[in-house]
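Per-entry structural report
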Amino acid sequence: MESISQDINLKKIRDRLNAEKIKLWLPPYTTEDKERGIVPEDLIEAYSRDFSLDKDHVAQVLEELRLHALSKLAERDRFLNEGLATLRVKVTCPLPAESDSRKPFPVECRLSLLGSELKTLIASYKNNELSPDLLKLICKGRVLNENTSLEDQGVKNGSDIMAMCMSSSEARLAKREAELAAVEKTRRAAELLSTRGDDDDHFHVQIADQSGKPIKLPREEQRALTVAMTLHEKGRAALKQKKISHALLLLLEADSEFSTCSSAILQTVDNYAILCLDIVWCYLLLKNLEQLPDADRRLTSSESCFKRSYGEKMERLAAIKGGTGTEQALFMRLYLLQGIVAFHKGDLIQAQNFFRRAEFVLTLLHVDEDQLNQVMMMGFSEREARLGLRARNGNIQQAVDHIMEKRKEIEENNKKAKMEWEQKMKGKRLGKTANGQQVNVEAYNSLVEMQFSKGASAEALRQCNNDISLAIEYLQNHPELFSLPDPGTKEKKFTITDEMIRQIVALGFDETQARQALQQYRGEIERAVEQLLANGGILPAISPSSSSSSFASSSSSSPDCSSGDDASKKRKKEEEREELDSLVSDINTDTSDHLDLTLSDEKEMLVMYQGMASSLQTQQQKQTASTSSPSSSSS
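The structure contained in this document is the topic of the report that follows. (Residues numbered from 1 in each chain as written. Predicted model: local features only at pLDDT ≥ 70, side-chain atom pairs only at ≥ 80, totals over all residues. Heavy atoms only, no water.)

With that settled, the discussion passes to the overall build of the protein chain. Helix and strand counts for the protein chain come out as 24 helices and five strands. When burial is assessed residue by residue, the protein chain has 44% of its 635 residues classed as buried. Taking contacts inside the protein chain between residues at least 6 apart in sequence as the whole, the part at least 24 apart equals 64%. Accessible surface, the protein chain as shown: approximately 34300 Å² in total, 49% of it carbon and sulfur. (Helix = DSSP H or I, 4+ residues; strand = E, 2+ residues; numbered from the N terminus. Buried < 20%, exposed > 50% of the residue type's maximum accessible area, 1.4 Å probe, protein only. Contact = heavy atoms within 4.5 Å. Areas by Shrake-Rupley, 256 points an atom, 1.4 Å probe, with all protein chains shown as cover.)

Looking now at the packing of aromatic side chains. The full count for this structure, using the stated rule, is six aromatic pairs. On the basis of an interplanar angle of 75° and a centroid distance of 5.9 Å, the ring pair of Y47 and F51 is categorised as edge-to-face. Taken together, the positions of Y47 and F51, both in helix α2 (residues 41-51) and four residues apart, correspond to about one turn of that helix. Judged by relative accessible area, F51 falls into the buried class, the value being 18%. Taken together, the ring pairs in this structure connect F306, F331 and Y335 into an aromatic cluster. Over the aromatic face of Y335 sits the side chain of R357, whose NZ or CZ is 5.5 Å from the ring centroid. (Phe/Tyr/Trp six-rings, centres within 6.5 Å; stacked < 30°, edge-to-face > 60°. Lys NZ or Arg CZ within 6 Å of the ring centre and 35° of its normal.)

Side chains of residues three or four places apart in an α-helix project in the same direction, reflecting 3.6 residues per turn. Turning to helix α22 (residues 525-534), its buried residues are A528, V529 and L532. Buried residues in α22, looked at end-on, bunch into an arc of 95°, giving them a common side. Exposed side chains of α22 directed beyond 90 degrees from the buried face belong to E526, L533 and A534. Buried residues belonging to α22 abut α20 (498-505) and α21 (511-520). Looking one or two residues beyond α22, the residue adopting positive phi is G536, at roughly 65°. (Arc of directions from axis to C-beta.)

Turning our eyes to something else, we now look at the environment of S194. Tracing the backbone through its elements, the reader meets S194 in helix α5 (residues 170-196). Sequence separation of S194 and T230 is 36 residues, and the distance between their C-alpha atoms is 9.1 Å. Those residues in contact with S194 that lie beyond four places of it in its chain are R219, R223, T226 and V227.

The next thing to look at is the nonpolar core. In this structure, L248, F306, M332, L336, F343, F355 and Y609 are the most contacted members of the largest nonpolar core, which totals 68 residues. A85, L137, V155 and I161 belong to the second largest nonpolar core, which has 21 residues in total. (Core = buried A, V, L, I, M, F, W, Y, C linked by side-chain atoms within 4.5 Å.)

A few words now on the packing of helix α17 (residues 441-449) against helix α18 (residues 454-463). At their nearest, the axes of α17 and α18 sit 9 Å apart, and the two run at 135° to each other. One way to sum up the angle between α17 and α18 is to call them oblique. In this structure, α17 meets α18 at a crossing whose hand is right-handed. Between α17 and α18, the residues in contact are A443, Y444, L447 and V448 and K454, S457, A458 and L461, respectively. A per-class count over the contact of α17 with α18 returns six nonpolar, one polar and one charged. (Axes fitted to C-alpha atoms, helices over the stretch in contact; angles between N-to-C directions. Parallel < 35°, antiparallel > 145°, perpendicular 65-115°, else oblique. Left-handed = near helix turned anticlockwise from the far one by under 90°. Nonpolar A, V, L, I, M, F, W, Y, C, P; charged D, E, K, R; others polar.)

Structure below.
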C-alpha cells in the first residue's frame, strides 16, 4: 500500500513539474557537477499544500525525480553518441544472483541486435544461470522475434521489456521448457488446421458472426483468422486452468495473427476486443505494472471495438440478440481493468468512476442462487441457467424461454452448417470433371433421383462437364457404367492375387480379361465370372476419369514399388491427425462460453482496489487537514 501511494505521489508531482516546465536537471536544481542544487522553499511549500504531503516527502520525491531525469539524459546521450540503448527489463521469476529481482534492471545494447542475442544478454545478467532458450521477451504487448532485429520490432531506447523465464529449480525449468514448446506446437497445429479445415472429413472450421451465421471470407483472410481464433481459445483454456504465463504467451501469439487481418473483418466480430481484455487480465494476475501503457492502449482498443461491433449504446447488439444482458459481463471486466489502470496511473477520481461503473454492472449481473438452482432443476446446464437469468434480469420463465430460443437457434445454425459441410465433402468425393470443375452435387442428386446408379451418375457428369442432358445421353449409351461403385461410400481396399486370376483362367477365360473383371468387381470372383459369362468372355472397356474411386491392387509377382511412399504418407497423416486432436481437445465449442464469467475473481479484485482507493483518499484528506491546520507557536 505504501509503495503504491508513493508511486501516485511521484506521478502527481512529475506531471505538475512538466506543466510548469520546471527542469530539475538544470540550475538551480542541479549544479554543473550534476550534484544536488537548490530547490526553492516556496516550491516545496506549494506542492506540500496542493498535494497534502509532508514537506520532507515532497523534497524526497523531487530529488528522486531529479536523479531519474539525469539518468535518462545520460542514457539518451550514450545512445546518440555511442549507439547504446538502455532497456529496462523485468523478469517474471526470481533470479539466483539477485535478492530483489522483481525490480526492473537496465540492459545496454545496440538495437541492431537480434531478439535471440538480447535473450543471451538478459540470461547472463549479473552471472545468473539462465538458459536463453527458456526466455520469452515481450515489449509493448508483442513477443519479440528471435530472428529479427530489435529496431525492426519497434524496440527503442528506454523501452520496457518483460522477460518470461524459469526459476533455477529443475522441476520449474522442465515445466517452463515444456510450456514454451507447447506454445510452438499449438501454433503449428493451428496453422495446420487453418489449411485443412475446408477439406478435412473430421475437422470442420466455421467462422460465424454474432448471430451465429457463417461468414464467407477470402482464403488467406480465413486462414489468418482461424489461426488467431484457435490460439485465442487455447489461451482462454489455459487461463481457466490458472496457467497464467502460458495463457499470456498464447494470447500474444493470437494477437500477432489478428494484426494480419484486415480491419474490415475485425469490425464484424468482437473477438479482438475480448482478446485485449484477456491479455490485460493476464498482466493484472502476473502483477506486471510495467505493461501499464500497453494495457491502457489495449483497453482503449477493446472499448472502441465493442462500440463498433455492438453500437454506441449496444443498440446493434440488442437488435441482433434481442438483449444485452449477457454481454454486460465483458463490460464489467472492461470497467474494472480501466479503473485499475487509472489507479496505478495516479488518477484516483477516474479510477473511482470506473469502479462505480463496474460495481453497478456487477449488481445487474448478480444471479440469485435459488433461481439458478430452479432453472438447473428443469434440465438446463449451469451455464445456460446463468446466461438465461442474466439475459432476462432474473425472470425465471423468461430465462427458460430465452434458453430454449438459443438452443433452437444454435441447432438451426449447426444443422445448416452441417448440411453445407456434407455437401462440400460429397462434392469432394465425387471428384472433378474433364475440364477441372467440381462435380455439381445438385446435378448428381437429380440423376440419382432418375434411378441412375450413383457411380454411373458421378462418372457421367465427370465425362460431360456437369451438363446433365449430355450426361443422361452418355449413360444411355454406356450401360457398363452402372457397375461402378458408389463414390460416396468409403470402400475397403482389396488385393488381386495370382491365385484369384488362376481360378478364373482355369474356367477358360483370358488372363487379361480375368484381371480386368476382378478389378472392376473389386476382387469378387463370383461377380467377375458372371460378367465374363454374360459378355462372352470380353468385358466392355470402361475408361473412367482419374477422379473415379480408386482401388488397391497388387500381385505376388509384381510388388508395389510405391508402398514405402504410401506408408510414409499414412504415418504423416496420422501424426497430423494426432496434432489436431490434441489442439481441439480443450477448446470449448460453445459460442457463448466467453460470456459465462462467474465474475467472482473480478468481484474480489474490485473490492480490493476500491479499498485501496478509499484508503488513499482518506490518507490524503488527513494530510490536507494536517497541512491546513495552524501550527502551534511559542512566545
